[in-house]
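Chain by chain, the residues run as shown.
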Amino acid sequence: MHIDQFDVGLIPPLLSVYFGVCLSLLAFARSRHNKENILFTLLCLLTSVRPAQYLLQYVVTDVGALMQVERLILVAYAFLPFVGVLFFHGVLKVSKPKLEKGIFASSFVMGGLSLGPWFLSGLHTYPWGVIGKAGPLFPLYILYATVSLGYMLHCTFTAMKAQQDAEMRRKQRYIFASLLGGVSLLLVTGLTFIGNPMYPAANFMFVPMGVMAYGALRHRILDLWTIVHLALYRLAYAAVLLVPNAIIFLLIEPLLFGTNTFASLVPILVLWYSVNHLYVTRIHPWVSRRFNRNQYRMKAAESKFARDLLILRDTRSLVAEFGELVRSTLSFGSIRFFFAPNENPGHLTDMDGEVLALTDGTSSWLVEVDRLIDRYLLSSDWVTPEKGVRSDLMDLFDEYDGTCGVPLVQHGQLIGLVVFADKEGGLPVTPMEIDFLEKVSRYLSIALYNSRVYQAVTSLKDQLELRRRELSKEILERRRAEESLRKSEARYRLLADNILDTFVVVGVETEAVQYASPSCRKLTGYLAEEVVGTKFRDFLTESSRRELARVVPPPQEGGAFLAELEHKRKDGGTAWVEVSGHFIATGDGRMEVVGLARDISERREAEMEKEELHGKLRQAQKMESIGVLAGGIAHDFNNILMAILGYTQLGAMYLGEKDGEAAGVVAQIEKAGIRAKELVSQILAFSRQNEQSRHAVDFVGIAQEALALIRPTLLSEVEIRSEFPEEPAMVVADPVQIHQIVVNLCTNALHALEEGGGGTIEVAVTRTTLDAGEARRYGLEPGPFVALRVTDTGRGMDDDVRSRIFEPYFTTKGAGKGTGMGLAVVQGIILSHNGAVVVESREENGSTFSVYLPEAEGVTEIRPAAGGVDKACGGRILFVDDETMLVELAGEALTRMGFEVVAMDDPEDALTRFTENPEDFDVVVTDMTMPRMSGLKLAERVRGINPEVPVILCTGFSNDLVGRRHEDMGVSEVLFKPVPMKGLAETIHRVRSGQAMVAQDSQIQ
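Definitions and cut-offs
- Residues numbered from 1 in each chain as written.
- Predicted model: local features only at pLDDT ≥ 70, side-chain atom pairs only at ≥ 80, totals over all residues.
- Heavy atoms only, no water.
- Helix = DSSP H or I, 4+ residues; strand = E, 2+ residues; numbered from the N terminus.
- Buried < 20%, exposed > 50% of the residue type's maximum accessible area, 1.4 Å probe, protein only.
- Contact = heavy atoms within 4.5 Å.
- Expected span 1.5 Å × (residues − 1).
- Salt bridge = Lys/Arg side-chain N within 4 Å of Asp/Glu carboxyl O.
- Pairing = 2+ DSSP bridges.
- Axes fitted to C-alpha atoms, helices over the stretch in contact; angles between N-to-C directions.
- Phe/Tyr/Trp six-rings, centres within 6.5 Å; stacked < 30°, edge-to-face > 60°.
- Patch = residues over 30% accessible without salt bridge, like charges linked within 9 Å, V, L, I, M, F, W, Y side chains within 5 Å.
- Areas by Shrake-Rupley, 256 points an atom, 1.4 Å probe, with all protein chains shown as cover.
- Core = buried A, V, L, I, M, F, W, Y, C linked by side-chain atoms within 4.5 Å.
- Arc of directions from axis to C-beta.
- Polar contact = N/O pair within 3.5 Å; in protein donor to acceptor, adjacent residues only side chain to side chain.
- UniProt positions renumbered as here; feature names shortened; annotations may be inferred.
- Parallel < 35°, antiparallel > 145°, perpendicular 65-115°, else oblique.
- Nonpolar A, V, L, I, M, F, W, Y, C, P; charged D, E, K, R; others polar.
- Lys, Arg positive; Asp, Glu negative; His and termini not counted.
- Charge placed at Lys NZ, Arg CZ, Asp CG, Glu CD.
- pLDDT = per-residue confidence, 0-100.

A. Spotlight on the overall build of the protein chain. Helix and strand counts for the protein chain stand at 31 helices and 25 strands. Residues counted as buried form 43% of the 1005 residues belonging to the protein chain. For the protein chain, long-range pairs separated by at least 24 residues make up 66% of all intrachain contacts whose partners lie at least 6 apart in sequence.

B. Quick peek at helix H16 (residues 387-400). An ideal rise of 1.5 Å per residue puts 20 Å on 14 residues; H16 measures up with 20 Å between its terminal C-alpha atoms. If you check which residues of H16 are buried, you get Val-389, Asp-392, Leu-393, Met-394, Leu-396, Phe-397 and Tyr-400. The positive-phi residue at the C-terminal boundary of H16 is Asp-401, with phi of around 50°.

C. Quick look at the pattern of salt bridges. Under the counting rule described, the total for this entry stands at 21 salt bridges. In this structure, the salt-bridge partner of Arg-721 is Glu-762, at a minimum N-O distance of 3.8 Å. With a gap of 41 residues between them, Arg-721 in strand S15 (residues 718-723) and Glu-762 in strand S17 (residues 759-770) connect regions that are remote in the sequence. Connected via shared salt-bridge partners are Glu-465, Arg-468 and Arg-469.

D. Layout of the sheet that holds strand S13 (residues 591-599). The strand order across the open sheet built from five strands is S10-S9-S13-S12-S11, with neighbouring strands paired in antiparallel fashion. The open sheet has two free edges, formed respectively by strand S10 (513-516) and strand S11 (560-568), since each of these has just one partner strand. Strand-to-strand twist of the sheet, defined as the mean angle between neighbouring strand axes without regard to direction, takes the value 25°. Examined bridge by bridge, strand S9 (residues 502-507) and S13 share six bridges and lie antiparallel to one another. Considered in S13, the bridge of Val-506 is made with Val-593.

E. Representation of the packing of aromatic side chains within the structure. Across all of its chains, the model carries 20 aromatic pairs by this definition. Seen in terms of ring centroids, Phe-104 and Phe-108 are 6.5 Å apart; in terms of plane orientation they differ by 35°. Their pairing is tilted. Linking Phe-104 with Phe-108, this pair stays in helix H6 (residues 97-114), spanning four residues, or about one helical turn. Of the residues examined, Phe-104 reaches a relative accessible area of 40% and is grouped as partly exposed. An angle of 15° between the planes, with centres 6.2 Å apart, marks the rings of Phe-138 and Tyr-141 as stacked.

F. Focus on a nonpolar patch on the surface. On the surface, a nonpolar cluster with roughly 400 Å² of combined accessible area is contributed by Val-21, Leu-25, Ile-38, Leu-42 and Leu-45. Those elements that provide at least two residues to the nonpolar patch are helix H1 (11-29) and helix H2 (35-47). Within the fold, Ile-38 resides in helix H2.

G. Focus on the sheet that holds S15. Pairing is mixed in the open sheet, where five strands are placed in the order S15-S17-S18-S20-S19. Each edge of the sheet is formed by a strand with only one pairing partner; in this case those strands are S15 and strand S19 (836-841). On average, each strand axis in the sheet is tilted by 15° relative to the strand beside it, whichever way the strands run. In terms of strand pairing, S15 meets S17 through six bridges, oriented parallel. Following the sheet pairing, Val-718 is matched in S17 by Gly-759. Across the sheet, helix H23 (residues 699-710) lies against S15, S17, strand S18 (783-792) and strand S20 (847-854), angled at about 170° from S17, the strand it touches most.

H. Representation of the nonpolar core within the structure. Phe-87, Phe-88, Met-110, Tyr-141, Met-152, Leu-179 and Phe-193 are the most contacted members of the largest nonpolar core, which totals 49 residues. By residue number, the principal contributor to this core is helix H7 (residues 138-162), which donates eight residues. Ranked by size, the runner-up nonpolar core spans 41 residues in total, among them Phe-699, Ile-720, Val-742 and Val-826.

I. Fine view of H23. Here H23 contains twelve residues, and its C-alpha end-to-end distance of 17 Å stays within 8% of the 16 Å for a straight helix at 1.5 Å per residue. Taken together, the buried positions of H23 are Phe-699, Val-700, Ile-702, Ala-703, Ala-706, Leu-707 and Ile-710. The arc that holds every buried residue of H23, seen down its axis, measures 165°, which confines them to one face. Facing away from the buried side of H23 by over 90 degrees, the exposed positions are Glu-705 and Leu-709. The backbone nitrogen of Val-700 lies 3.1 Å from a side-chain oxygen of the residue at the head of H23, namely Asp-698.

J. Structural detail: the pairing of S19. Along S19, five of the six residues are buried, which leaves the element largely enclosed by surrounding structure. Bridge count between S19 and S20: six bridges; the pairing is antiparallel. Bridged to Val-837 within S20 is Val-851. Taken together, S19 and the strand that follows it, S20, pair antiparallel across an intervening segment of five residues, in which Glu-844 is found at a positive phi of about 70°.

K. Region of interest: the side chain of Glu-100. Mapped onto the secondary structure, Glu-100 falls in helix H6. With relative accessibility at 19%, the residue Glu-100 sits in the buried group. Leaving out residues up to four positions away in the same chain, Glu-100 has contacts with Phe-82, Val-85, Leu-86 and His-89.

L. Representation of the UniProt feature "modified residue: 4-aspartylphosphate" (unreviewed entry) in the protein chain within the structure. Sites flagged by UniProt as "modified residue: 4-aspartylphosphate" (unreviewed entry) map to Asp-927. Positionally, Asp-927 belongs in strand S23 (residues 923-927). Residues within four places of Asp-927 in sequence aside, it is in contact with Val-880, Asp-881, Asp-882, Gly-935, Leu-953, Cys-954, Thr-955 and Lys-977.

M. Here's a closer look at the packing of helix H29 (residues 907-916) against helix H30 (residues 935-945). Running from N to C, H29 and H30 point in directions that differ by 5°, and their axes come no closer than 11 Å. Comparing the axis directions of H29 and H30 gives the class roughly parallel. Together, Pro-907, Leu-911, Phe-914 and Thr-915 of H29 and Leu-938, Arg-941, Val-942 and Ile-945 of H30 make up the contact between the two elements. Along the lines of polarity and charge, the residues of the contact of H29 with H30 split into six nonpolar, one polar and one charged.

N. Structural context of the packing of helix H14 (residues 360-369) against H16. At a minimum axis separation of 9 Å, H14 and H16 run at an interaxial angle of 90°. The orientation of H14 with respect to H16, classified from their angle, is roughly perpendicular. Between H14, through Gly-361, Thr-362, Trp-365 and Leu-366, and H16, the contact on the second element is made entirely by Gly-388, Val-389, Asp-392 and Leu-393. Each residue belonging to the contact of H14 with H16 can be placed in one class, and the counts come to four nonpolar, three polar and one charged.

O. The arrangement of a negative patch on the surface in detail. Together, Glu-888, Glu-892, Asp-905 and Asp-909 make up a negatively charged patch on the protein surface. Within the element layout of this structure, Asp-909 appears in helix H29. You can call Asp-909 partly exposed: its relative accessible area is 41%.

P. Main features of the pairing of S10. Where S9 meets S10, three bridges bridge the pair, whose relative direction is antiparallel. Along S10, the bridge assignment pairs Val-504 with Ala-516. The antiparallel hairpin formed by S9 and S10 contains five residues in its connecting segment, where Glu-511 sits at a positive phi of about 60°.

Q. Focus on the environment of Val-183. Among the secondary structure elements, Val-183 is positioned in helix H8 (residues 166-189). Separated by 37 residues in sequence, Val-183 and Thr-146 have C-alpha atoms that sit 7.9 Å apart.

R. Main features of the side chain of Ser-841. Looking at the secondary structure, you find Ser-841 in strand S19. Residue classification places Ser-841 among the buried positions, given a relative accessible area of 8%. A distance of 3.2 Å separates a polar atom in the side chain of Ser-841 from the backbone oxygen of Gly-846. Within polar-contact distance, the side chain of Ser-841 engages the side chain of Ser-847 at 2.8 Å. The residues touching Ser-841, leaving out its near neighbours within four places in the chain, are Gly-796, Met-797, Arg-802, Gly-846 and Ser-847.

S. Up close: unusual backbone geometry. One non-glycine residue, Glu-511, lies in positive phi territory at about 60°. Mapped onto the fold, Glu-511 is located in the loop between S9 and S10. Its identity is not glycine, yet Asn-834 carries a phi of approximately 60°, on the positive side. With respect to the helices and strands, the residue Asn-834 is situated in the loop between helix H27 (822-832) and S19. Owing to a relative accessible area of 55%, Asn-834 belongs among the exposed residues under this scheme.

T. Representation of the confidence of the model for the protein chain. Scored by pLDDT, the protein chain has a mean of 76; 74% of the residues are at 70 or more. A low-confidence stretch, residues 220-224 (pLDDT under 50), is modelled with eleven contacts involving residues beyond four sequence positions or located in other chains. Here residues 862-872 is a poorly scored stretch, pLDDT under 50, and it has 17 contacts once near neighbours within four places are set aside; other chains count.

Put into structure tokens, the structure is as follows:
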């Protein structure tokens, strides 16, 4: 085609295709896989399809091919509404998935129908070219496109009205105008399909596309002068390039289409090359400098900054140079620098130490983007980071009134952030300025990183030099220490070889003994050479192995432990050692235990003995507590028993011999009361809280009497053997209680044999002397003792049973076969006599009970003298008791026995009565425990008034009497309730007659 044949109608489609391709490439290059940007790319390409068809008909002349091209264009336009709806929904943040699916289905149907004859039935040929002829369903296609594009206009108009930001609303107006213009051009083009020969309006799509591009990018251009300047520059550039080449082309055209040879064209071609070379080397740089002075100025500043960075090392100098460069070149009023310190790269701080709070997500996004962040683009819909990142960056720009910011990234790490603010004139940054800021910021990040590396290398160099000096000093000191260590090792080895305790070294991994001092022979019986190489645990008993595993901590330098272990000696015995160990690390990375073993066998024996004594003390305290309880119960119960026995005796007096049967019944009641009295006496004997009649008795005789009573009750399978000395074995005791000791122990042995099917009981009484060691073990004083041993061949007892046999009510027998009080009573009696009971028993080896009582040397057996009541003896008696029932009983009973009785239940009233006429009373009988005044206090006051009046004290039990003689308390006699009226009368008769109790020991225990 000759130049004079150029068709002017090609210009609009060429511009539309050019605009569409440029905008689509721009959007796709910046999309970063963003959905809205990709959809915008497709929109630009689809709107360029119709102008491309216009250009294609100049190349393709085949009618069938052009028909297929028309149908493919309709298929593409069928999906234009779907792509447009998706784009505007994404930009305007509209969510209508059902509508989108419906439009996609409609577009798919329309695209399928476009391939058939329903929308296109042929071609129209017009002066400007060819275009499709509308088919029977073409109006349906136009209607679908009109409705879809109208919906997009509605969405844009609605969003524009709701938009608050003026800049965003202005951008949406341009988009609305471009959309309306594009729709109008497409609909007008549809007229050519029904026979209107007008020039296709779709070829002018570059106009709405230009409006859309201006609306989207106007914040980069902003004013008309910038657009004119850019257009003039491009026009001058094109003119300088095209005009010389067009002139040369016109000159050589005759030669190119003529018959000239190639040689005649050589000068013209050389001239053409020279002109273009001159343009490239001289004219184009001159034109570029004239129209791009600002760009060249920024290039020069960039080069200068790059050179200056080579001589700057510290951070403050780099920051100052960068700030001066940007302020002088781009007129920014404020620049804020934030840097991440080496020790904490995740946190940014400014030069004054103020912390910039950025989330991890924002920091990661900045590292990923690694380019300038424009505040306008950040607030628009064209840049879509995550919601949290967008909010974080917007807060940053709002706080510092920033226009844009550049992250400083090196090796995938955010080392800083620069925020630019207060640009002169309030203008946004242009693409050229963005490119400049990104380049110089990248230079700054490299320089900062290099500065950090340089500082780190310098610091490391200084540290290495310091370390070299320290090592030199350490080497010298180590040599001295090695020499000192050799001397010290010799001294310590001498000490270890001669120490009394055993010094050992044990490897942690092998548990083998690596060193043992010579003193181990005394401790274990083994030589040091025999111990080395063997495992330390092999010398311990099983229980000590478990104890060692419990106390030893995990092996680490400085760890220590202390344990008391039982080890096996070479002679087969065992001994106790106290082992203190410490973990130390050897030079080759192994761990060793350095320990010291000390023989503590004697101390362990003393501790075991002490523990046994503590056990006995706890048992004694337990028995004492039970005794206090028993004493309290016995006090009240004795008052009741005294009333029962007293009234029984009084009833017998009333009955006399008149009714023999009734007298027998009364006698049985009295007998039952006496049995109850004995039971209470047993309880108090168990608790060591009652007064007993004690005198020197022969232990051998009582034991023989007890065995004589027991033998008839033995089973045929049980044999009893006895061994007694020929001479008496005297003890000061209550014979009844001694008798009870022998019977209870023999009965206990008999029960043990019955469980095993028979056996032998051995009873022996001996006289022995306990030395200080044995006496201390039993809790006694050294001296002569009478020992009773009762041994059986039964099943024996384990340790648990043996530790509890003296507990009240503890029994191993079945229900109804024992009360569990027998041995408890035995222990109570023995302890009350200052003795001890020892049990030796092992399972399947029988049991031995050994009783030790202090021997009464140089005395013979003494019995208490008998006394009777002189019926003719009377007297005036003052009887005082807080129990009204006992007061009435004593008054009536003693009166019938011939006494004149004044009975009162208030001790203060009784004292007043006695004080008025002290000579009127021959004997005062008073209870011990009474409200407002005790019996002892009353006796003291009575003796203070008339020392010649005897006082008889009656008590069920009182702690005030324990361990005291009645003479020391100022009373003539002490009677323990229940006191029979006859016994009380005998005591009154005795104290009036001046008789004393015939007894060697009347001390109350």
